[in-house]
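# Chain and residue survey
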Amino acid sequence: MTVEEQELLNQKAQHIRRLKRWLRPLPRRTNIHRYPILSLFAANAKQRAYLWSFATEQAVPAIYAGCILTLLPLYGLQLVLCLFLALILRANLPILAGLQILSNPITVWPIWFAAYQVGRNILAVIGIEVPLLRLEQVKEMLYSFTHANWEAGLENLLIVFSVTSLGAIVMGVFFGLVGSSAYRIIAIRSAASYAALVQKLSELKQKRTSSGPKQPE
């Protein structure tokens, strides 16, 4: 093996290591059984190849669905919904589940507040006025639930949930468009780079084979 071939092989191995490093925190076919909820469906999920495919046809729906789901006021239910959405949309499960990391106990409240404001402004455009959510209103809703005044608390909660969900969907579609466009560009460049690397290795092997010692006649 020539020095040039060794360098190309090292580059190929580096690409593979980088990809594995990106996938390490995500649910994969080899570790899905470690996740408390997803493990219940591990056997079924492992048989569906499209759940683990990073082709554009599977990645783009996962990006859109993942961006919307992570912004919706459904914290705690996202991982379960990820699997069902991936099955329905035939989308990539690691990408869809990985995007749920964006909403966590630290970021979830700012995300919901932003989604509520977006939903509120959208409704205002079509003539539906929704009051600005204040801290006092949040306290009133919590007070209603803690003192078993379910009817008053539930009505306000449904309004907030609906407005927040509207904003989350709009924001999710926007971020999904940005994310899917970036993914297409990265995928095209990565595929071209990897294909060029493989082709160069193949050319070097053919050159070495053709320049080898000739058999005596």
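## Quick word on the overall build of the chain
Broken down by element type, the chain carries eight helices and zero strands. Written out in order from the N terminus, the α and β elements of the chain read α-α-α-α-α-α-α-α. Within the chain, the proportion of its 217 residues that are buried is 32%. Within the chain, contacts between residues at least 6 apart in sequence are counted, and of these 70% link residues at least 24 apart. About 14200 Å² of surface is accessible on the chain, with carbon and sulfur atoms providing 66% of the total.

## Comments concerning the environment of Ser 181
You can see Ser 181 is positioned in helix α8 (residues 150-210). The partly exposed category is assigned to Ser 181, whose relative accessible area is 32%. Each C-alpha atom of the pair Ser 181 and Val 60 lies 8.6 Å from the other, and the pair is 121 residues apart in sequence.

## Quick word on unusual backbone geometry
Even without a glycine there, the phi angle at Arg 90 is positive, about 55°. Turning to its location among the elements, Arg 90 is positioned in the loop between α4 (78-89) and α5 (93-98).

## Comments concerning the nonpolar core
By size, the foremost hydrophobic cluster in this structure holds 19 residues, and its most contacted members are Leu 51, Cys 82, Leu 93, Ile 95 and Leu 96. Tallying contributions element by element places helix α3 (residues 56-71) first for this core, with six residues. Core analysis: the second largest hydrophobic core is formed by eight residues, Leu 71, Trp 112, Ala 115 and Met 171 among them.

## Observations regarding α3
Taking 1.5 Å of rise per residue, 16 residues should cover 22 Å, and α3 covers 23 Å from first to last C-alpha, within 8% of that figure. When we look at burial in α3, the residues that qualify are Gln 58, Ala 59, Val 60, Ala 62, Ile 63, Ala 65, Gly 66, Cys 67, Leu 69, Thr 70 and Leu 71.

## Overview of the side chain of Ser 180
Here Ser 180 is to be found in helix α8. Look at Ser 180 and you get buried, because its relative accessible area is 3%. With sequence-adjacent residues up to four places away left out, Ser 180 is seen in contact with Val 60, Ile 63 and Tyr 64.

## Quick look at the confidence of the model for the chain
This prediction gives the chain a mean pLDDT of 77; 61% of its residues lie at or above 70. Confidence, expressed as mean pLDDT per element, reaches its minimum in the chain at helix α1 (residues 3-23) with 56 and its maximum at α3 with 94.

## Regarding the packing of α3 against α4
Following both chains from N to C, one finds α3 and α4 inclined at 150°, their axes separated by 11 Å at the closest point. The pairing of α3 with α4 is recorded here as roughly antiparallel in orientation. For the pair α3 and α4, the crossing hand works out as right-handed. For the pair formed by α3 and α4, the contact residues are Pro 61, Ala 65, Leu 69 and Thr 70 on the first element and Gln 78, Leu 81, Cys 82, Leu 85 and Leu 89 on the second. Its residues placed into classes, the contact of α3 with α4 shows seven nonpolar, two polar and no charged.

## Description of the environment of Gly 176
Mapping Gly 176 onto the fold places it in helix α8. Note on Gly 176: relative accessible area 0%, which makes it buried. Taking the C-alpha atoms as reference, Gly 176 lies 8.1 Å from Val 60; in sequence the two are 116 residues apart. Dropping the residues within four chain positions of it, Gly 176 is found in contact with Ile 63, Tyr 64 and Cys 67.

So, how was this worked out
- Residues numbered from 1 in each chain as written.
- Predicted model: local features only at pLDDT ≥ 70, side-chain atom pairs only at ≥ 80, totals over all residues.
- Heavy atoms only, no water.
- Helix = DSSP H or I, 4+ residues; strand = E, 2+ residues; numbered from the N terminus.
- Buried < 20%, exposed > 50% of the residue type's maximum accessible area, 1.4 Å probe, protein only.
- Contact = heavy atoms within 4.5 Å.
- Areas by Shrake-Rupley, 256 points an atom, 1.4 Å probe, with all protein chains shown as cover.
- Core = buried A, V, L, I, M, F, W, Y, C linked by side-chain atoms within 4.5 Å.
- Expected span 1.5 Å × (residues − 1).
- pLDDT = per-residue confidence, 0-100.
- Axes fitted to C-alpha atoms, helices over the stretch in contact; angles between N-to-C directions.
- Parallel < 35°, antiparallel > 145°, perpendicular 65-115°, else oblique.
- Left-handed = near helix turned anticlockwise from the far one by under 90°.
- Nonpolar A, V, L, I, M, F, W, Y, C, P; charged D, E, K, R; others polar.

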